[in-house]
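Remarks on the overall topology
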Amino acid sequence: DVDLFRKHLPQFCVIVNRLGSNETGTICEYIIDASMPIPEPVVPVGYPIQDVELRLLDDDGKAVGENEIGEFSVRSQYLSPGYWNNPALTEASFTADPNGSDYVTYRIGDLGRRLANGCLMHLGRKDFQVKILGNRVEISEVEGALLSLGNIKETAVVDHDDGQGHKRLVAYFVPVDEKVSRGNELRLALARLLPSYMIPTTFIAMDKLPLTGMGKVDRRSLPFPDIERFKLKTPLVEPRTSQEVILAKLWAEVLSLDKVGIHDNFFDLGGHSLAASRVISRVIQTFQLELPVKALFDAPTVAEMAAIITQNQAKQGSDAELAQMLREVEAMTEDEARKQLAGERARSSSGDRNE
């Protein structure tokens with residue numbers, strides 16, 4: 001919207017971004033002119049308006065610190081008197097001033113954070129919080145990270161049940177152009193910005209996101225993600241080596257699938273960070289290797305993981321040979337070491353004369 005405003009309207013115009021609710025009216029605003037930089041992918045909602053005290057509170061009603069996420073709480077003389085013919089809801093939603101003044105406090109159900117300069121960022125509705133693998137995730141924070149990558153125009157992130165009792169994140173996005181990154185490239189980019197449990201397991205590109213009559217994203221109309229093997233565009237390629245046979249079987253067991261091809265992406269098949277931990281644990285146990293969970297983000301297919309295992313086994317073999325040589329040298333007496341060194345010098349001199 002800011003880009004369109006700057007493109008089509010005269011330089012002397014300004015655009016005002018406001019935050020408010022039916023119960024409170026406008027509570028803060030951010031005035032943008034033609035040259036003001038927008039430092040973040042999300043346009044700020046700015047600063048509290050006159051006669052409004054605005055705080056960000058945690059679940060216990062305590063104020064959060066700078067750059068921490070909290071719920072907007074509004075204290076003012078000029079809020080709604082309550083809900084029509086619903087005194088119970090009014091009493092639950094509006095808190096009168098215990099000192100008897102005409103100030104009233106209302107928590108609007110939206111989340112935000114306050115920057116170092118006091119400017120407020122809006123991070124979406126509180127009911128867009130989800131639990132992923134026991135961790136609380138702010139959907140808007142994931143969406144903001146996706147938008148910050150620069151190659152995504154719009155996005156909506158939702159949680160889906162994976163059929164095994166776990167929630168997983170699915171990202172729907174509208175790319176800036178047809179060259180937008182594939183799912184695994186987006187995962188790798190997000191891994192630099194977010195912890196693993198906040199990274200969506202499935203990415204679905206769309207021409208446009210469905211909207212409600214009010215112009216907001218209609219999350220209930222987003223297509224359900226298909227993660228079955230036969231839905232993938234990648235053709236099924238059978239394992240070629242003993243390592244790939246073991247890995248393909250391991251992939252299938254962890255993801256509850258009948259068959260996995262060596263070029264099938266673990267995350268496109270529905271894998272999430274907990275499943276990735278299980279896979280890496282099984283790989284370490286089976287092949288006697290030390291690998292971080294991040295290895296599965298770098299090598300999300302059976303073929304790529306098999307190549308990493310081969311490289312690590314070769315390195316371990318070289319390290320083992322070097323260790324054996326050192327043990328043999330350490331076991332030598334001083335006389336044996338001198339004889340060995342004299343023999344090596346004699347062979348070296350003989351080679352020089354032959355040349």
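Shown above is the structure to which this text applies.
Residues numbered from 1 in each chain as written. Predicted model: local features only at pLDDT ≥ 70, side-chain atom pairs only at ≥ 80, totals over all residues. Heavy atoms only, no water.

**Re the sheet that holds strand 13 (residues 202-205)**
- The strand order across the open sheet built from three strands is 11-12-13, with neighbouring strands paired in mixed fashion. The open sheet has two edge strands, strand 11 (152-161) and strand 13, and neither has a second partner. In this sheet, adjacent strand axes meet at a mean angle of 25° when their direction is disregarded. (Pairing = 2+ DSSP bridges. Helix = DSSP H or I, 4+ residues; strand = E, 2+ residues; numbered from the N terminus. Axes fitted to C-alpha atoms, helices over the stretch in contact; angles between N-to-C directions.)

**A look at unusual backbone geometry**
- Positioned with a positive phi, Asn67 is a non-glycine residue whose angle comes to about 70°.
- Here Asn67 is to be found in the loop between strand 4 (52-57) and strand 5 (69-76).
- Residue Asn67 is classed as partly exposed on the basis of its relative accessible area of 40%.
- Although it is not a glycine, Asn85 adopts a positive phi angle of roughly 55°.
- Inspection of the secondary structure assignment puts Asn85 in the loop between strand 5 and helix 2 (87-93). (Buried < 20%, exposed > 50% of the residue type's maximum accessible area, 1.4 Å probe, protein only.)

**Looking at helix 6 (residues 273-287)**
- With 15 residues, helix 6 should cover 21 Å at 1.5 Å per step; its first-to-last C-alpha distance of 21 Å lies within 8% of that length.
- Within helix 6 the residues assigned to the buried category are Ser273, Ala275, Ala276, Val279, Ile280, Val283 and Phe287. Seen along its axis, helix 6 keeps its buried residues to an arc of 150°; they face one direction. (Expected span 1.5 Å × (residues − 1). Arc of directions from axis to C-beta.)

**Brief notes about the environment of Val293**
- In this structure, Val293 sits in the loop between helix 6 and helix 7 (295-298).
- Residue Val293 is classed as partly exposed on the basis of its relative accessible area, which comes to 33%.
- Along the primary structure Val293 and Ser277 are separated by 16 residues, whereas in three dimensions their C-alpha atoms are 5.8 Å apart.
- Not counting the four nearest positions on each side in its chain, Val293 is found in contact with Ala276, Ser277 and Ile280. (Contact = heavy atoms within 4.5 Å.)

**Regarding the nonpolar core**
- The biggest cluster of nonpolar side chains holds 49 residues, and the ones touching the most others in it are Leu247, Trp251, Phe266 and Met305.
- Per element, the largest residue contribution to this core is seven residues, and it comes from helix 5 (residues 242-255).
- Leaving out residues up to four positions away in the same chain, Phe266 has contacts with Trp251, Leu255, Gly271, His272, Ala275, Ala276, Val279, Leu296 and Pro300.
- Ile27, Val52, Val74 and Ile108 belong to the second-largest nonpolar core, a separate cluster that totals 15 residues. (Core = buried A, V, L, I, M, F, W, Y, C linked by side-chain atoms within 4.5 Å.)

**Details of the sheet that holds strand 2 (residues 25-32)**
- The three strands lie next to each other as 1-2-3, forming an open sheet whose pairing is antiparallel. Looking along the sheet, the strands with just one partner apiece sit at the ends: strand 1 (15-21) and strand 3 (47-48).
- As paired elements, strand 2 and strand 3 share two bridges and run antiparallel to each other. The partner of Cys28 across the bridge, within strand 3, is Pro48.

**Re helix 3 (residues 139-148)**
- Across the 10 residues that make up helix 3, a large majority, seven, are buried.
- Every buried residue of helix 3 is listed here: Ile139, Ser140, Val142, Glu143, Gly144, Ala145 and Leu146.
- Downstream of helix 3 by a residue or two, Gly150 has a phi angle that is positive, lying close to 90°.

**Things to note about the packing of aromatic side chains**
- Enumeration according to the criterion identifies three aromatic pairs in this entry.
- Ring plane angle 55° and centroid distance 5.7 Å describe the contact between Tyr83 and Phe94, whose orientation is recorded as tilted. Pair noted here: Tyr83 is in the loop between strand 5 and helix 2 and Phe94 is in strand 6 (residues 94-96), with a separation of 11 residues, a long-range link.
- Cluster of aromatic residues (ring-pair linked, three or more members): Tyr83, Phe94 and Tyr106.
- Stacked on the ring of Tyr103, the Lys or Arg Arg75 has its end atom at 4.4 Å from the ring centre. (Phe/Tyr/Trp six-rings, centres within 6.5 Å; stacked < 30°, edge-to-face > 60°. Lys NZ or Arg CZ within 6 Å of the ring centre and 35° of its normal.)

Interpretation note: all reported values are geometric properties and have no functional meaning in isolation.
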